[in-house]
Amino acid sequence: MDQLNGREQQEFQKLVEQKQMKDFMRLYSDLVQRCFTDCVSDFTTKTLTSREEGCVLKCTEKFLKHSERVGARFQEQNELLMKNMR
Amino acid sequence: MSFLGLGGGAPKLSSEQKVQAAEAELDMVTDMFNRLVDTCYTKCIEKSKGYSEGDVNKNEGLCIDRCVAKYFDTNVKVGEHMQKIGSSQFPGRR
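What you are looking at is a predicted structure, and each value in this text was computed from that prediction instead of being measured.

Undergrad: Looking at this model, I keep getting lost on the packing of aromatic side chains. Mind explaining?
TA: For any pair of aromatic rings, geometry is given as the distance between the ring centres together with the angle between the planes. For the structure on display, the rule yields four aromatic pairs over all chains. Ring centres of Phe 74 of chain A and Phe 33 of chain B lie 5.4 Å apart, and the angle between their planes is 75°; this geometry places the pair in the edge-to-face category. Within this pair, whereas Phe 74 of chain A is found in helix H2 (residues 50–85), its partner Phe 33 of chain B is found in helix H1 (residues 15–44), the two belonging to separate chains. An aromatic cluster is defined as three or more aromatic residues linked by ring pairs; in this entry it consists of Phe 74 of chain A together with Phe 33 and Phe 72 of chain B. Directly above the aromatic system of Tyr 41 of chain B lies the positively charged group of Arg 34 of chain A, at a separation of 4.5 Å from the ring centroid.

In structure tokens, the structure reads:
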């Protein structure tokens, strides 16, 4: 990737931005799906109960913190892998 | 950045090919990351009884760290093994 020249870098950067937007939308809908599945299973009410809502909030927070931590470890492991390949 | 040796030391490529290769590499890393988030979430996060806390607790954190490390380990091992099987099955290729 570091062998791209300026124009190629620019082109690539554009691709990255498009993908980031898509990735964010995917993250969002995945998270809704995940927390809905894990937290909501009672359909005797029409709106979220306070228990369900609390669960959804904790689920969201936990998932974001989880992926942050995975990201940090991912980066470390990736760097380690690169170093070992050289 | 190169992943699994792709993208490094390749023969002369056109500009378009180089950007395409970089894109493929980005897609692969992104895909692996997303799989990792998903897999380690399933394996490590305690979601019984509707999530007792929003924080990643000590146990979960430790599990996540090990989960990621082992995923990479597995990745390398599978790669090596596939290569071994491949070279014995198609000896002329390598």
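Undergrad: So what exactly am I meant to see when it comes to the state of the cysteines here?
TA: In protein chemistry, a disulfide is the covalent bond that joins the sulfur atoms of two cysteines. All names here are of chain B. Under the counting rule described, the total for this entry stands at four disulfides over all chains. Between the sulfur atoms of Cys 40 and its disulfide partner Cys 67 the distance amounts to 2.0 Å. Handedness of the Cys 40-Cys 67 disulfide follows from its S-S torsion of about -85°: it is left-handed. Taken together, the residues Cys 40 in helix H1 and Cys 67 in helix H2 (residues 58–89) connect sequence positions 27 residues apart. Summarising the burial analysis for this pair, Cys 40 and Cys 67 share the class buried. Disulfide pairing is shown between Cys 44 and Cys 63; the S-S distance is 2.0 Å. Disulfide Cys 44-Cys 63: the torsion about the S-S bond is -75°, which places it as left-handed. Note that Cys 44 is positioned in helix H1 and Cys 63 in helix H2, a separation of 19 residues in sequence.

Undergrad: Sorry, what's going on with H2 of chain B here?
TA: In an α-helix there are 3.6 residues to a turn, and that puts residues three or four apart on one side. In this model, H2 of chain B (32 residues) spans 46 Å end to end at C-alpha, consistent with the 46 Å of a helix rising 1.5 Å per residue. The complete set of buried residues in H2 of chain B reads Glu 60, Gly 61, Ile 64, Cys 67, Val 68, Phe 72 and Gly 86 of chain B. As for H2 of chain B, its buried residues are in contact with H2 of chain A together with H1 of chain B. A side-chain oxygen of the first residue of H2 of chain B lies 3.1 Å from the backbone nitrogen of Asn 59 of chain B; this N-cap is Asn 57 of chain B.

Undergrad: I keep staring at the pattern of salt bridges and nothing clicks. Help me out?
TA: A side chain with one charge can pair with a side chain of the opposite charge if their charged atoms come near. Residue and element names in this part refer to chain A. Within this structure, the stated rule accounts for 14 salt bridges over all chains. The shortest N-O distance in the salt bridge between Lys 65 and Glu 61 comes to 2.6 Å. In this pair, Lys 65 and Glu 61 both sit in helix H2, four residues apart, roughly one turn of the helix. Judged by its relative accessible area of 31%, Lys 65 falls in the partly exposed class.

Undergrad: Explain the interface of chain B and chain A to me, please; I cannot follow it from the model alone.
TA: Often the size quoted for an interface is simply the accessible area lost on bringing the parts together. Taken together, the 43 residues of chain B in the interface contact 35 residues of chain A. Summed over both partners, the interface of chain B with chain A buries about 3700 Å², with 64% contributed by carbon and sulfur atoms. Our count for the contact surface shared by chain B and chain A stands at eight salt bridges. At the boundary of chain B and chain A, one finds 18 residue pairs in polar contact (both at pLDDT 80 or more). Looking at the side of chain B that touches chain A, the elements with two or more residues in it are H1 and H2 of chain B. In terms of residues, the side of chain B that touches chain A owes the most to one element, H1 of chain B, which gives 18 residues.

Undergrad: Is there a simple way to think about unusual backbone geometry in this case?
TA: The phi torsion of most residues other than glycine is negative, and most of the peptide bonds are trans. Its identity as a non-glycine residue notwithstanding, Tyr 51 of chain B has a phi of 55°, on the positive side. On the basis of relative accessibility, which here comes to 1%, the residue Tyr 51 of chain B falls in the buried class.

Undergrad: Explanation requested: the side chain of Asn 57 of chain B in the structure shown.
TA: Residues and elements named next belong to chain B. Relative to the elements of secondary structure, Asn 57 occurs in the loop between H1 and H2. A distance of 3.3 Å separates a polar atom in the side chain of Asn 57 from a polar atom in the side chain of Glu 46. Within polar-contact distance, the side chain of Asn 57 engages the backbone nitrogen of Asn 59 at 3.1 Å.

Cut-off values and rules
- Per chain, residue numbering runs from 1 following the sequence as it is written.
- Just so you know, chain letters begin at A and ligand numbers begin at 1, following the order they were written in.
- Totals for whole chains, interfaces and linings use all residues, but because this is a predicted model, local features are given only for residues with pLDDT of at least 70 and pairs of side-chain atoms are given and counted only at 80 or more.
- Heavy atoms throughout the structure, all of them, feed into the side-chain values; hydrogens and water do not.
- Only the six-membered ring of Trp is used, alongside the rings of Phe and Tyr, when aromatic pairs are assigned; centres must lie within 6.5 Å, and planes under 30 degrees apart are stacked while those over 60 apart are edge-to-face, with the rest tilted.
- Labels follow the DSSP assignment, with helices taken as runs of H or I lasting at least four residues and strands as runs of E lasting at least two, numbered in each case from the N terminus.
- Here, a charge over a ring means that NZ of Lys or CZ of Arg falls within 6 Å of the ring centre while also lying within 35 degrees of the ring normal.
- What counts as a disulfide here is a pair of cysteine sulfur atoms lying within 2.5 Å.
- Whether a residue is buried, partly exposed or exposed follows from its accessible area with a 1.4 Å probe, protein chains only, as a fraction of its type maximum: under 20%, in between, or over 50%, in that order.
- Expected span of a helix, by definition, is 1.5 Å for each gap between consecutive residues, and there is one gap fewer than residues.
- Throughout, a contact is declared for two residues whenever any of their heavy atoms are within 4.5 Å.
- We define a polar contact as two N or O atoms separated by no more than 3.5 Å, with the added condition that, inside protein, one atom must be a possible hydrogen donor and the other a possible acceptor, whereas residues neighbouring each other in sequence contribute only through side-chain atom pairs.
- Put simply, a salt bridge is a Lys or Arg side-chain nitrogen that is within 4 Å of an Asp or Glu carboxyl oxygen.
- Summed over both partners, the accessible surface that disappears when two parts come together, traced with a 1.4 Å probe, is what is meant by buried area.

Purely geometric stuff here, so don't read any function into it on its own.
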